[in-house]
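Architecture and fold: a report
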Amino acid sequence: MSVMEQTKHVSVMLEEVIEMLDLKQGMIVVDATLGGGGYTQEIYKRIMPGGTLIACDQDSDAINRFKEHYPEIAKDILIVHSNYSHIRKVLKEHNMRYVDRIVADLGLSSDQIEEGGRGFSFSGDNIIDMRMDRSKSLSAINIVNEFSEKELADVIFLYGDERFSRRIAKAICDKRPIISTKELADIISKAIPISVRKKMKMHPATKTFQAIRIAVNDEYEHLKTFLTEGIDVLQSSGRFVVVSFHSGEDRVVKNIFRTNARGCICDEGVPVCCCEHEPVVQFLTKKAIKPSEEEIARNPRSRSARLRGVIKK
Ligand SMILES: C[S@@+](CC[C@H](N)C(=O)[O-])C[C@H]1O[C@@H](n2cnc3c(N)ncnc32)[C@H](O)[C@@H]1O
């Protein structure tokens, strides 16, 4: 009998991602974010027999769910519980140095958002946790209750792009200790002026919850390491494809891809190039690809998705 429910996650931009990956039988592919396993299953069909698929997730629930519901695929692939920032180490542990394709679909799965006990969502009333990897000790409880007012304001501003960051941080500090998601969401909402709140299309706590989640999981640092090491372990003509879900995440992806796609990296103002730097990758499309209107109507969670890809020189 099944212990874990089937995934609730609907893969985002699946067709576009698979097309951009341009998979062939026998390839070595890393799916850095297994989640509900939607990408993994499509990649598997295209590279087997003869291919090698490494599927990674830092959330052990995602891994256990996939193994339970897709045992036939799970026995043929390498499923690794790890942060994607350890990509080089993971490959080394499996005696691999280079791969043909890497894909990552960033952020949270619907399973994580909808499972109350994880404390990611402000709908419902749960303990504020927000750890993707529950073997780590730092959770949202620590950040909300132990960070100084300034540290909190900085997190909310930098990772949430929230213009009321200082007011929210002060309101949080005034009301500590805070344990539940509902309590936290109410405090954040009330800290935003009512005239602004009335005009908001999203829940007033959306940006602050996102910011705290990014801090809990140290998402940008892991993403930067992953992108840099990922480009390094790609074969020549290998492809790296990433789907991001908010502007901060997309900026990190765009900047690291752009830096690696640049020729000269001399300081501005240097009259003649002296760095002799060669581009390492080339963009597969000029601009990020967005989901179709049809997909957004079918799966509203896809609306902010942005797809970018590069090919190694
Ligand atoms: C949007 S879901 C992936 C969905 C998947 N592509 C599918 O089609 O079902 C994102 C997954 O990435 C995982 N994740 C996020 N950041 C990670 C990281 N730094 N290292 C490893 N896994 C990560 C999350 O735990 C989550 O399960």
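Residues numbered from 1 in each chain as written. Predicted model: local features only at pLDDT ≥ 70, side-chain atom pairs only at ≥ 80, totals over all residues. Heavy atoms only, no water.

Looking at the packing of aromatic side chains
One pass over the structure, following the stated rule, counts seven aromatic pairs. When the centroid spacing of 5.2 Å and the interplanar angle of 80° are considered together, the rings of Phe-122 and Phe-209 count as edge-to-face. Pair noted here: Phe-122 is in the loop between α6 (110-114) and α7 (140-146) and Phe-209 is in helix α12 (residues 206-216), with a separation of 87 residues, a long-range link. On the basis of relative accessibility, which here comes to 4%, the residue Phe-209 falls in the buried class. Where Tyr-159 meets Tyr-220, the ring centres are 5.3 Å apart and the plane angle is 80°; that geometry is what we call edge-to-face. With Tyr-159 in helix α8 (residues 149-160) and Tyr-220 in helix α13 (residues 219-232), this pair connects stretches of sequence that are 61 residues apart. The class of Tyr-159 is partly exposed, set by a relative accessible area of 25%. (Phe/Tyr/Trp six-rings, centres within 6.5 Å; stacked < 30°, edge-to-face > 60°. Helix = DSSP H or I, 4+ residues; strand = E, 2+ residues; numbered from the N terminus. Buried < 20%, exposed > 50% of the residue type's maximum accessible area, 1.4 Å probe, protein only.)

Topic: the pairing of strand β4 (residues 99-105)
Of all seven residues that make up β4, seven are buried, and the element is covered over most of its length. Of the pairings in the sheet, the one linking strand β1 (residues 28-31) to β4 comprises three bridges and is parallel in character. Paired with Val-30 across the bridge in β4 is Ile-102. Strand direction decides the pairing type here: β4 and strand β5 (residues 234-244), joined by six bridges, are parallel. Across the sheet, the residue bridging to Val-99 is Leu-234, located in β5. (Pairing = 2+ DSSP bridges.)

Section: the site of the ligand
Among the 23 residues in the neighbourhood of the ligand, the closest are listed as Ser-11, Asp-57, Tyr-84, Asp-105 and Gln-112. Contact between the ligand and Gly-36: an oxygen atom at 3.0 Å from a main-chain N or O atom of the residue. Within the contact set of the ligand, a nitrogen atom lies 2.8 Å away from a side-chain nitrogen or oxygen of Asp-105. Contact with the protein chains hides 98% of the accessible area of the ligand, taken as 610 Å² for the molecule alone. The residue makeup of the shell around the ligand, split by class, is seven nonpolar, 13 polar and three charged. (Near = heavy atom within 4 Å. Polar contact = N/O pair within 3.5 Å; in protein donor to acceptor, adjacent residues only side chain to side chain. Areas by Shrake-Rupley, 256 points an atom, 1.4 Å probe, with all protein chains shown as cover. Nonpolar A, V, L, I, M, F, W, Y, C, P; charged D, E, K, R; others polar.)

Topic: the domain arrangement of the protein
Each assigned domain of the protein is listed here: domain 1 (14-111 + 219-312) and domain 2 (134-216). Each of domain 1 and domain 2 has a C-alpha centre, and these two points are 30 Å apart. Domain 1 puts nine residues into the contact, and the matching count from domain 2 is six residues. Carbon and sulfur atoms make up 41% of the area that domain 1 and domain 2 hide from each other, which totals about 660 Å². Together, Glu-219, Tyr-220 and His-246 form the three largest contributors to the area buried by domain 1 at its contact with domain 2, with a combined 60%. Where domain 1 packs against domain 2, one counts two salt bridges. Here Arg-213 makes a salt bridge to Glu-219, at a shortest N to O gap of 2.8 Å. Taken together, the connections running from domain 1 to domain 2 amount to three residue pairs in polar contact (both at pLDDT 80 or more). Those elements that place two or more of their residues in the side of domain 1 that touches domain 2 are α13 and α14 (247-261). (Domains from an automatic or database assignment. Contact = heavy atoms within 4.5 Å. Buried area = accessible area lost by both parts, 1.4 Å probe. Salt bridge = Lys/Arg side-chain N within 4 Å of Asp/Glu carboxyl O.)

Here we look at the sheet that holds strand β2 (residues 52-57)
In space, the seven strands of this open sheet follow the order β3-β2-β1-β4-β5-β7-β6, with mixed pairing throughout. One side of each edge strand has no neighbouring strand; the edge strands of this open sheet are β3 (78-81) and β6 (281-283). Direction aside, the axes of adjacent strands within the sheet are offset by 15° on average. Here β2 runs beside β3; their pairing, made up of four bridges, is parallel. Each bridged residue has a counterpart across the sheet, and for Cys-56 the counterpart in β3 is Val-80. Sitting on the sheet, helix α2 (residues 38-47) touches β1, β2, β4 and β5, and the angle it makes with β2 is about 170°. (Axes fitted to C-alpha atoms, helices over the stretch in contact; angles between N-to-C directions.)

Quick word on the side chain of Asn-83
Position of Asn-83 relative to the elements: it lies in the loop between β3 and α5 (87-93). Judged by its relative accessible area of 12%, Asn-83 is buried. A polar contact is formed between the side chain of Asn-83 and the side chain of Gln-58, at a distance of 3.4 Å. Within the local environment of Asn-83, its side chain forms a polar contact with the backbone nitrogen of Ser-85, the two atoms lying 3.0 Å apart. Leaving out residues up to four positions away in the same chain, Asn-83 has contacts with Cys-56, Gln-58 and His-222.

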